[in-house]
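Given next are the chains, with one letter for each unit.
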Amino acid sequence: RLPKRGFKSLNKNNIAILNLSKIQSMLDKPKNNLKNTLDLKILKEKNLIKKKYLKLKILGSGEIKKNIEISANFASKQALTKIEKAGGKISIVKK
């Protein structure tokens, strides 16, 4: 028998992580039918992310061209500046 190693955290944070490049590719596909707003509930309804995620985090790698309104739990500084530069708005939701 082999010894057990490591452990599994019981209170694991289920955070969906999206880069700006991933958001832009979602917006470009016409079948996704996304409007100018984006949040966790809409992403779950459209089956773009799995239903297990409880929070949404936006990271700044990639570019975004469309002005879009995003509500997320967390966002990096780079993502904030890129979204505002594109004419969009981001609101941080505290839960």
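Up top is the structure.
Criteria and thresholds
Residues numbered from 1 in each chain as written. Predicted model: local features only at pLDDT ≥ 70, side-chain atom pairs only at ≥ 80, totals over all residues. Heavy atoms only, no water. Buried < 20%, exposed > 50% of the residue type's maximum accessible area, 1.4 Å probe, protein only. Helix = DSSP H or I, 4+ residues; strand = E, 2+ residues; numbered from the N terminus. Core = buried A, V, L, I, M, F, W, Y, C linked by side-chain atoms within 4.5 Å. Contact = heavy atoms within 4.5 Å.

J.: Looking at this structure, how should I read unusual backbone geometry?
T.: The phi torsion of most residues other than glycine is negative, and most of the peptide bonds are trans. With a phi close to 55°, Asn 33 is a non-glycine residue in the positive phi region. Given the relative accessible area of 45%, Asn 33 is considered partly exposed. The backbone phi angle of Asn 47 is positive, close to 60°, even though this residue is not glycine. Secondary-structure assignment places Asn 47 in the loop between helix H2 (40-45) and strand E3 (55-59).

J.: Could you clarify how one ought to interpret the nonpolar core in this entry?
T.: Across soluble globular proteins, you tend to see nonpolar side chains buried next to one another. Core analysis: the largest hydrophobic core is formed by 20 residues, its most contacted members being Ile 23, Leu 56, Ile 58 and Ile 70. Of all the elements in the fold, those that place two or more residues in this core are strand E1 (15-19), helix H1 (20-28), H2, E3, strand E4 (69-72) and helix H3 (77-85). With four residues, the single largest contributor to this core is H1. Excluding anything up to four places from it in sequence, Leu 56 contacts Ile 15, Ala 16, Leu 18, Asp 39, Leu 40, Leu 43, Ser 71, Ala 72, Asn 73 and Phe 74.

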